[in-house]
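# Observations on chain architecture
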There are 2 protein chains.
Amino acid sequence: MAEPATKDLILDTAERLFAERGFAAVSVRDITAAAGVNLAAVNYHFGSKDALMTALFVARVTPLNRERAKLLHEAEGRSGGVAKLEDILHALVAPPVRWWLGPDAALSVSVQFLMRAYAETTPGIRALLEQDVAHLQRFVLALARALPRLAHDEICWRLHFALGVMHYTVSERRRLQALSAGSCDLKNTESIIRRMVAFCAKGFQI
Amino acid sequence: MAEPATKDLILDTAERLFAERGFAAVSVRDITAAAGVNLAAVNYHFGSKDALMTALFVARVTPLNRERAKLLHEAEGRSGGVAKLEDILHALVAPPVRWWLGPDAALSVSVQFLMRAYAETTPGIRALLEQDVAHLQRFVLALARALPRLAHDEICWRLHFALGVMHYTVSERRRLQALSAGSCDLKNTESIIRRMVAFCAKGFQI
DNA sequence: GTCTATATTCGGATAGAC
DNA sequence: GTCTATCCGAATATAGAC
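Residues numbered from 1 in each chain as written. Chains lettered and ligands numbered in written order. Predicted model: local features only at pLDDT ≥ 70, side-chain atom pairs only at ≥ 80, totals over all residues. Heavy atoms only, no water.

### Observations concerning the pattern of salt bridges
Inspection of the entire model under this criterion finds 26 salt bridges over all chains. Notably, a salt bridge pairs A:R16 with A:E20, separated by 4.0 Å at the nearest N-O pair. Taken together, the residues span about one helical turn, with A:R16 and A:E20 both in helix α1 (residues 5-21) at a distance of four residues. Salt-bridge contacts for B:E120 lead to B:R116; the nearest nitrogen and oxygen are separated by 3.2 Å. Among the charged side chains, a salt-bridge network with shared partners connects A:D12, A:E15 and A:R60. (Salt bridge = Lys/Arg side-chain N within 4 Å of Asp/Glu carboxyl O. Helix = DSSP H or I, 4+ residues; strand = E, 2+ residues; numbered from the N terminus.)

Put into structure tokens, the structure is as follows:
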């Protein structure tokens, strides 16, 4: 039943290279050479370079969104159906930031890959992004319940801003460290999540 | 004295294609064909594809940063040397958002190109990014003067978050419109700037 | 400055032996 | 499933005529 080692090896290697350099800048030859597998293996197992990218995106985004949905669901359960603003934002950003800065290096690569995949959508991924918007609608609804006086478009704007905070922070780690001359500590994951949630929660007030 | 038409035509065409598809996904052939110039013209005028990208980045980022610095300087002049928080954030985001949503389509392409160039740094651009960090240091200093009780690393974190709000908003226009089902209006530039500044300013409080 | 033609390398994808 | 060998188009870059 075990997946062939080659297939997973290709997925992990492609993910790392895509995360580092982007989709178009990485060739199938780069991937197979780095993985130590045969050149033809990508087309055998996935059909094409594009299909590999799509399979990879699905494999990584699914558990991340599941974790977000779980945290949101738990937050709603804790407070009688209407989650608090901070808890909604926490459900949104904690999973990716924990993957990013947590002890598991593979998960860190995964979230960096995902942020890149969102930014440089290939044809195969563009089609999947509709489902991803559906996932975000849960957060729109939760925010509307938590902040009933805020108009729908205002909820969307601010959710978009909050997503920007998270995406950019994960993608532009180098830039933050250059800007702060290294004074911004990236070791304490939970305090970074708190800082990010606090920033966004204040932005949602009034 | 006038620049040769071909050179500027290449710059404008390359900018548009890079903004739409990214650097690696656009070939010199794509650029010269779309511009209606000879294939060899890119190498004649710029030396290489990478050098074209670098020249383009410099040509666009310079006036944008100059405008930001001017607004910051004016804000400091208006209030006796120490600019107010909202005015600092306004100087940071108003120029790119005005380029993005203003009446000049060429400037809109320019800011989309720039956001992509920051995200997918080529070797030539990476070297230039140090100067760009120096430009951002003015904003760190201004924020530190406006918020003397905030620690240096906290200033950097929140400035980074504010940059994320702007970068992601400009880059992920499609995603915002899909998320909000079109209810987020992108026509009123100044009200979008106010919304963005307000969100970030609240995030800086306390 | 602009063109054609070309050198040379690399790209994704596949056929067919094992 | 994995390998070698290869097809064939596309990539960057340049040489040399005009």
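Structure's up, so let's keep going.
### Focus on the protein's contact with DNA strand C
With respect to spatial proximity, 14 residues lie near DNA strand C, and among them A:V28, A:R29, A:K49, B:T6 and B:N38 are the closest. Sugar and phosphate atoms constitute 50% of the interface atoms of DNA strand C, taking the interface as everything within 4 Å of the protein. For DNA strand C, a base nitrogen lies 2.7 Å from a polar atom in the side chain of A:R29. A distance of 3.0 Å is found between a phosphate oxygen of DNA strand C and a side-chain nitrogen or oxygen belonging to B:H45. (Near = heavy atom within 4 Å. Polar contact = N/O pair within 3.5 Å; in protein donor to acceptor, adjacent residues only side chain to side chain.)

### Regarding the packing of aromatic side chains
Here a ring pair, both rings aromatic, is described through the centre-centre distance and the interplanar angle of the planes. This structure, assessed with the given rule, holds 13 aromatic pairs over all chains. Ring centres 5.3 Å apart and planes at 50° place the aromatic pair A:F18 and A:F23 in the tilted group. Comparing A:F18 with A:F23, the two get one shared label, buried. On the numbers, 5.5 Å between centres and 80° between planes, the contact of B:F57 with B:Y118 is edge-to-face. Of the two residues, B:F57 sits in helix α4 (residues 49-78) while B:Y118 sits in helix α6 (residues 105-119), which places them 61 residues apart along the sequence. Here B:F57 and B:Y118 have matching classes, each one buried. An aromatic cluster of three or more residues is present, and its members are A:W157, A:F161, A:F199, A:F204, B:W157, B:F161, B:F199 and B:F204. Above the plane of the ring of A:F23 lies A:K49, whose end atom (NZ or CZ) is 4.3 Å from the centre. (Phe/Tyr/Trp six-rings, centres within 6.5 Å; stacked < 30°, edge-to-face > 60°. Buried < 20%, exposed > 50% of the residue type's maximum accessible area, 1.4 Å probe, protein only. Lys NZ or Arg CZ within 6 Å of the ring centre and 35° of its normal.)

### A look at the relation of the copies chain A and chain B
Relative to chain B, chain A is turned by 180° and slid 0.0 Å along the rotation axis, the superposed coordinates differing by an RMSD of 0.0 Å. Expressed as a symmetry operation, the mapping of one chain copy onto the other fits a two-fold axis. In this assembly, 100% of the residues forming the interface of chain A have copies in chain B that are likewise at the interface, indicating an isologous arrangement. (Least-squares fit on C-alpha atoms with pLDDT ≥ 70 in both. Contact = heavy atoms within 4.5 Å.)

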